[in-house]
Amino acid sequence: MNGSAVYFSKMGILFDQYDGIIVSGMLRLSDLKALAGNSLPPVLVYFHETQLTYPRPLNEKRAMDSRLSMADITTALCADRVAFNSKFHMTAFLSSILEFMDSVPDYPISGIIDEIRDKSTVMFPGMDFKDFEKKTGTLDNKTPLVIWNHRWSYDKNAASFFYAVDVMIDKGIEFELAILGECPGQRIPDVFKKAKERLGKRVIQYGYVENRNAYIDWLKRGTVAVSTAKQENFGMSMVEAMHYGCVPLLPKRLSYPEIIPERFHVDFLYSNQKEFHQKLHHILTEHERFKVMSSIISKAMDFYSWPQRIEDYDRELESLCRLKR
């Protein structure tokens, strides 16, 4: 975030030869505009994540948090168009601006939220499903397989997941675990190391699966894919898991109520830890009855495939290019 604008400005790009530019929220657009000057064409910024709404570890300095949050706000203000990956994310970003500005009271500024909202839109990520066949005859395993397919980082709240797993074991339920997802950095969090030791042979896959086909095969084998996330602006891993045959079990917050059909909220969204355990117990002990639901949810996830999402992107990019001065 600190250096990307300088890097791109020194690459010798002839910006004025382009009809538009797309940048992620990881680029400080105010810096790029200052360095590139009037040669910069209209810019769309796509926020897959925003530092303004990202939960911070308790030990992280607030000063860094403030600088990154302010960079998000100025980038959105400098952009000609702003896109978010979900309605939840857009709403959270806009509502967080007021709270953030209240924490920096020296120079009260009004109108920022409306200015950004007026040029904002939602564009769900397009998912690439075309190279992989869907799962057929889902949930045929005699032993249910629980899928965890998230980053091994603090915002995914793995401790809550493993606690639920322990509760299911205490109830005498038979199941297996596939602990997927990438571990940022070199150090494996203690919660994962301890869980592996404690759970033993129940864990039939532990760690990131490099091969894409092998990863999809694990999803096809899965019974239920679980999230306990504290932060999730869209949930690509959950969309993939549902598409390939897993039923979901998700917190009733963040972007999750938005991405699964409302008719399935009662069965697959939970509001607290007690309800989480109850619904996981229900899925694992009666997984055969969820076959039909799994098939319907899988088809519903086609909504997020590139063939169904691409027209939104086409319209937005065509609109961006018409803004060229």
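Just above sits the structure.
To start, this report covers the structure provided alongside it. Keep in mind the model is a prediction, meaning the values are calculated, not measured. (Residues numbered from 1 in each chain as written. Predicted model: local features only at pLDDT ≥ 70, side-chain atom pairs only at ≥ 80, totals over all residues. Heavy atoms only, no water.)

## Quick word on the sheet that holds strand β10 (residues 269–270)
Paired through their backbone hydrogen bonds, the strands of a sheet run either parallel or antiparallel. Which entries qualify depends on this criterion: Any two strands between which DSSP finds at least two bridges are classified as paired. Secondary structure elements are taken from DSSP: a helix is a run of H or I of four residues or more, a strand is a run of E of two residues or more, and numbering for both begins at the N terminus. Here, two residues are considered to be in contact whenever any of their heavy atoms come within 4.5 Å of each other. Axis definition: a line fit to C-alpha positions, over the contact stretch in the case of helices; interaxial angles, taken between N-to-C directions, run 0 to 180 degrees.
Taken together, the six strands give an open sheet; going across it, the order is β7-β6-β5-β8-β9-β10, and neighbouring strands pair in parallel fashion. The open sheet has two edge strands with one neighbour each: β7 (203–206) and β10. Alignment of strand β9 (residues 247–251) against β10, held across two bridges, turns out to be parallel. Residue pairing for β10: Leu250 is matched across the bridge by Leu269. Helix-sheet contacts for helix α8 (residues 212–221) involve β5 (145–149), β6 (176–180) and β7, and the interaxial angle to β5 is about 135°.

## Section: the pairing of β6
Regular strands show a simple pattern: their side chains alternate between the two faces of the sheet. Applicable threshold: Think of it in three bands: with a 1.4 Å probe and only protein chains considered, a residue is buried below 20% of the maximum accessible area for its type, exposed above 50%, and partly exposed in between. Place the viewer so that the strands point away; then a crossover is right-handed whenever the path from the first strand over the helix to the second strand goes clockwise.
Among the five residues of β6, four are classified as buried, and the element is accordingly described as predominantly covered. The pairing of β5 with β6 spans five bridges and is parallel. Across the sheet, the residue bridging to Trp148 is Ile179, located in β6. Read as a crossover between parallel neighbours, the route from β5 over helix α6 (residues 158–170) to β6 is right-handed.

## Observations regarding the sheet that holds strand β2 (residues 43–47)
Read across the open sheet, the four strands follow the order β1-β2-β3-β4; overall the sheet is parallel. Every interior strand has two partners, whereas the edge strands, β1 (21–24) and β4 (120–122), have only one. On average, each strand axis in the sheet is tilted by 25° relative to the strand beside it, whichever way the strands run. Where strand β3 (residues 81–84) lies against β4, three bridges are found, and the strand directions are parallel. The residue of β4 that forms the bridge with Phe84 is Val122.

## Comments concerning the layout of surface pockets
We apply this condition: Here a cavity means grid points, on a 1 Å grid over the protein atoms only, where a 1.4 Å probe fits yet cannot get out; a pocket means an open set of points with protein on both sides within 12 Å along at least five of seven lines; lining residues are those with an atom within 4 Å of a point. Grid points are joined across faces, edges and corners, and a volume is the space filled by probe spheres set on the points. Note that Gly is not counted as nonpolar here; it falls among the polar residues with everything else outside the nonpolar set of Ala, Val, Leu, Ile, Met, Phe, Trp, Tyr, Cys and Pro and the charged set of Asp, Glu, Lys and Arg.
Size it by volume and the largest pocket reaches roughly 570 Å³. Taken together, 25 residues make up the lining of the largest pocket; nearest its centre are Asn149, His150, Arg151, Ser237 and Glu240. Going through the elements one at a time, α8 and α9 (236–243) are the ones with two or more residues in the lining of the largest pocket. Among the elements that take part in the lining of the largest pocket, α9 stands out by supplying three residues, more than any other. Tallied by class, the residues present in the lining of the largest pocket amount to seven nonpolar, 10 polar and eight charged.

## Comments concerning the pattern of salt bridges
Stated formally: Here a salt bridge means any side-chain nitrogen of Lys or Arg lying within 4 Å of a carboxyl oxygen belonging to Asp or Glu.
A complete count under the given rule lists 16 salt bridges for this structure. Three or more residues are tied together by salt bridges with common partners; here these are Glu49, Arg151, Asp155, Lys156 and Glu232.

## A closer look at the packing of α8 against α9
The condition that has to hold: Put simply, angles under 35 degrees are roughly parallel, angles over 145 are roughly antiparallel, angles from 65 to 115 are roughly perpendicular, and the rest are oblique. Left-handed describes a crossing in which the near helix is turned anticlockwise from the far one by less than a right angle; the clockwise case is right-handed.
Two numbers describe how α8 lies on α9: the axes approach to 8 Å, and their chain directions differ by 65°. Considering the angle they form, α8 stands roughly perpendicular to α9. Of the two elements, α8 crosses α9, and the hand of that crossing is right-handed. On α9, the residues touching Arg212, Tyr215 and Leu219 of α8 are Ser237, Glu240 and Ala241.

## Here we look at helix α12 (residues 273–285)
Counted only if it meets this: How far a helix is expected to stretch is found by multiplying one less than its residue total by 1.5 Å. Between N or O atoms, a polar contact is any pair within 3.5 Å; within protein, one atom must be a potential hydrogen donor and the other a potential acceptor, and residues adjacent in sequence are included only when both atoms are from side chains.
In this model, α12 (13 residues) spans 18 Å end to end at C-alpha, consistent with the 18 Å of a helix rising 1.5 Å per residue. Residues Phe276, His277, Lys279, Leu280, Ile283 and Leu284 constitute the buried set of α12. Those residues of α12 that are buried lie in contact with β5, α6, β8 (224–226), β9, α11 (265–268) and β10. Its side-chain oxygen at 3.3 Å from the backbone nitrogen of Lys274, Asn272 defines the N-terminal cap of α12.

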